Amino acid sequence: MAALRSVSRLLTRRALNTTVKRGYADDMSFTFASGNQVYYSAQAVKQVDVPSFSGSFGILPAHVPTLAVLKPGVVTVFENDGKVNKIFVSSGTVTINDDSSVQILAQEAHPVENLDAAAARDVLSKAQSQLASASTDEAKAEAAIAVEVGEALVKAVE
Amino acid sequence: MLGRFGTLTPLLQNVQIQQQQRGMATLKSISIRLKSVKNIQKITQSMKMVSAAKYSRAERELKAVRPIGDGAKQFYEKAEIAALPDIPQKLVIAITSDRGLCGACHTSVARHIRTELNKDNQNIKVVCVGDKSRAILQRIYGKNIILACNEIGRLPPTFIDASKLADAILRSDYQFSSGEIVFNRFRSVVSYVTETLPVFSLASVTAAPKLSVYDSLDDEVIQSYLEFSLAALVFYAMKEGACSEQSSRMTAMDNASKNAGEMIEKLTLTFNRTRQAVITRELIEIISGASAL
């Protein structure tokens, strides 16, 4: 009896899942979280543009499933009501699953309007001097990443 | 903590009976003990206040971090990745902290790992985050610990801490096909559950049958993806652990203060009774001395 009940429960759950999936077919469930803040949590949006190491690309609903690693740059989110939200990310990952859910997990993310141009340039010049003075390979790689983030920051502010 | 005093109480009563004949000494010893229990209560009360403040911060931060954990977990679930059967090596990451006095939260993490190690101690290696799990596990399973880190728990965990840990794990040269992060998931102020999060190596991810539905992947992308997602998962687990720890410390310290209060009440009663007894006896001595003259 209990087994039968659990089977029937499984069946009903599956039925529920499919209905949800059907509802989301032309809608994506977008999650954007960073170490300091959550920007979107399973929200429906129109389009998301992300910078990745394999090139920048835009994500529309029902995108083919893929994984990508974020490059420092600006993630642009086009919300359903036409609002455009620009958020700077330092690094992270993008996951697009086959149920049209999209996850962007970033290490650090801040809205572009909160960035300060002078501070961004300061970061870049500091990183460049660090790169010039780096002696070991590891320090050089770290400084190179810092320069990359700095360049992206300056570009995002302009 | 107060359990220790619980075992002391009968001892003290024995001492009291022995000292009863000496009168004044008993009074003194009770008052010393009363003072020390009062001090302990003050300490536990302030620890409760401190952890309450830390807890409210940890909970606020945890809310912001939960989507990261869920997001990182979802790929493993949706791509239906499983451990490779021909590589049995497993990695277990124990998320605890350096600080005790927080109920059973570290012990339950360690116990979970211990039961797994009891089943198979050849193919499981442990990474201990925080001194507590290391202290519990190293006596029996010292050989299974490949990495231990401390200075966890003084400050709230940050993403940088998690990335450093993930980096250290990936550099450790330990070949594993699957692994789990054991941590306490925070449910409410009074409850937490010990749970596990799965982690997988590059080999098991590439072997997953459902990976082919994901477009344009190469090993480098997956490798960097996995490195980041390990850091994200560790970060999430650390936040959950920190929040459960503070909440559990809050409850533990509240209980300790209550127990100390009970002890103070009892000691005060004994103190007053003994004082009265001493006075009565002195009176009797004086009166009988006077009547003997």
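Residues numbered from 1 in each chain as written. Chains lettered and ligands numbered in written order. Predicted model: local features only at pLDDT ≥ 70, side-chain atom pairs only at ≥ 80, totals over all residues. Heavy atoms only, no water.

## A closer look at the interface of chain A and chain B
The condition is simple: Contacts are assigned to residue pairs that have any heavy atoms within 4.5 Å of one another. Note on definitions: buried area is the accessible-area loss of two parts on being combined, 1.4 Å probe, summed for both. Salt bridge, as used here, is a side-chain nitrogen of Lys or Arg placed within 4 Å of a carboxyl oxygen of Asp or Glu. Pairs of N or O atoms within 3.5 Å make up the polar contacts considered here, provided that, within protein, one atom can donate a hydrogen while the other can accept it, and that residues adjacent in sequence are counted only when both atoms are side-chain atoms. Numbered from the N terminus, helices here are DSSP runs of H or I no shorter than four residues, and strands are runs of E no shorter than two.
Facing 26 residues of chain A, the contacting portion of chain B comprises 23 residues. Both sides together, the interface formed by chain A and chain B hides about 2000 Å², and carbon and sulfur atoms give 67% of it. Counting the surface chain A buries against chain B, the share from its top three residues, L67, L105 and Q107 of chain A, is 28%. Measuring nitrogen to oxygen at the nearest pair gives 3.0 Å for the salt bridge that ties K78 of chain B to D99 of chain A. For the pair chain A and chain B, the interface holds six residue pairs in polar contact (both at pLDDT 80 or more). Looking at the side of chain A that touches chain B, the elements that each hand over two or more residues are β1 (28-34), β4 (66-70), β7 (92-96) and β8 (101-106) of chain A.

## Focus: the domain arrangement of chain A
Residues and elements named next belong to chain A. Here is the rule: Start and end points for every domain follow an automatic or database-based domain assignment. Side-chain classes follow a simple rule in which Ala, Val, Leu, Ile, Met, Phe, Trp, Tyr, Cys and Pro form the nonpolar group, Asp, Glu, Lys and Arg form the charged group, and the remainder, Gly included, forms the polar group.
For chain A, the assigned domains read domain 1 (20-113) and domain 2 (116-157). Tallying the contact residues gives eight residues for domain 1 and five residues for domain 2. Here domain 1 meets domain 2 over a buried area of about 470 Å², counting both sides, of which 81% is carbon and sulfur. If you look at where domain 1 meets domain 2, you find zero salt bridges. Linking domain 1 with domain 2 are zero residue pairs in polar contact (both at pLDDT 80 or more), by the criterion used here. Of the residues assigned to the side of domain 1 that touches domain 2, the class counts are five nonpolar, two polar and one charged.

## Concerning the side chain of T66 of chain A
Considering the arrangement of structural elements, one finds T66 of chain A in strand β4. With residues up to four places along the chain from it excluded, the contact list for T66 of chain A reads V94, T95 and I96 of chain A together with Y214, D215, S216 and L217 of chain B.

## Re helix α3 (residues 137-157) of chain A
Residue and element names in this part refer to chain A. Quick reminder of the rule: How far a helix is expected to stretch is found by multiplying one less than its residue total by 1.5 Å. A simple rule labels every residue: compare its accessible area, found with a 1.4 Å probe on the protein chains alone, to the largest value its type can have, and call it buried under 20%, exposed over 50%, or partly exposed in between.
An ideal rise of 1.5 Å per residue puts 30 Å on 21 residues; α3 measures up with 30 Å between its terminal C-alpha atoms. Taken as a whole, α3 has its buried residues at A143, V147, G150, A152, L153, V154 and A156. Each element contacted by the buried residues of α3 is listed here: β5 (73-79), β6 (84-89) and α2 (117-133).

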